[in-house]
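Single-letter residue listing:
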Amino acid sequence: MSAMLAETRPDEATAVVEAPRRERKRVVIIGGGFAGIAAAHALRHADAEVVLIDRRNHHIFQPLLYQVAMPRRSVSSR
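Residues numbered from 1 in each chain as written. Predicted model: local features only at pLDDT ≥ 70, side-chain atom pairs only at ≥ 80, totals over all residues. Heavy atoms only, no water.

Draft legend 1. Molecular detail of the pattern of salt bridges. Counted under the stated rule, the structure contains one salt bridge. Of the charged contacts in the structure, one is a salt bridge between Arg-26 and Glu-49, with a shortest N-O distance of 3.3 Å. In this pair, Arg-26 sits in strand S1 (residues 25-30) while Glu-49 sits in strand S2 (residues 48-53), placing the two residues 23 residues apart along the sequence. (Salt bridge = Lys/Arg side-chain N within 4 Å of Asp/Glu carboxyl O. Helix = DSSP H or I, 4+ residues; strand = E, 2+ residues; numbered from the N terminus.)

Draft legend 2. Examining a nonpolar patch on the surface more closely. Together, Val-28, Ile-30 and Ile-53 make up a nonpolar patch on the protein surface, roughly 290 Å² of accessible area in all. Of note, Ile-53 is situated in strand S2. (Patch = residues over 30% accessible without salt bridge, like charges linked within 9 Å, V, L, I, M, F, W, Y side chains within 5 Å. Areas by Shrake-Rupley, 256 points an atom, 1.4 Å probe, with all protein chains shown as cover.)

Draft legend 3. A look at the pairing of S2. Here S1 runs beside S2; their pairing, made up of six bridges, is parallel. Residue pairing for S2: Lys-25 is matched across the bridge by Ala-48. Regarding topology, helix H3 (residues 34-42) serves as the crossover connection from S1 to the parallel S2, and that connection is right-handed. (Pairing = 2+ DSSP bridges. Right-handed = clockwise from strand over helix to strand, strands pointing away.)

Now the structure itself:
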């Protein structure tokens, strides 16, 4: 009878037990400002999955008004 069971259920008879995989750690960074981008850049070679969550799908730098309004002096004008 056991030979009959082996013939009708070949999957159970030849089941292979898989070794448990080591899951990678996950680092979640909230916010894609300067610090979030710097943290993601610093963790790029880490043995972890890096997830960056932000409202927008782009990073933009908007200079402040005084930075735009002030004339910049070149090095040669000194």
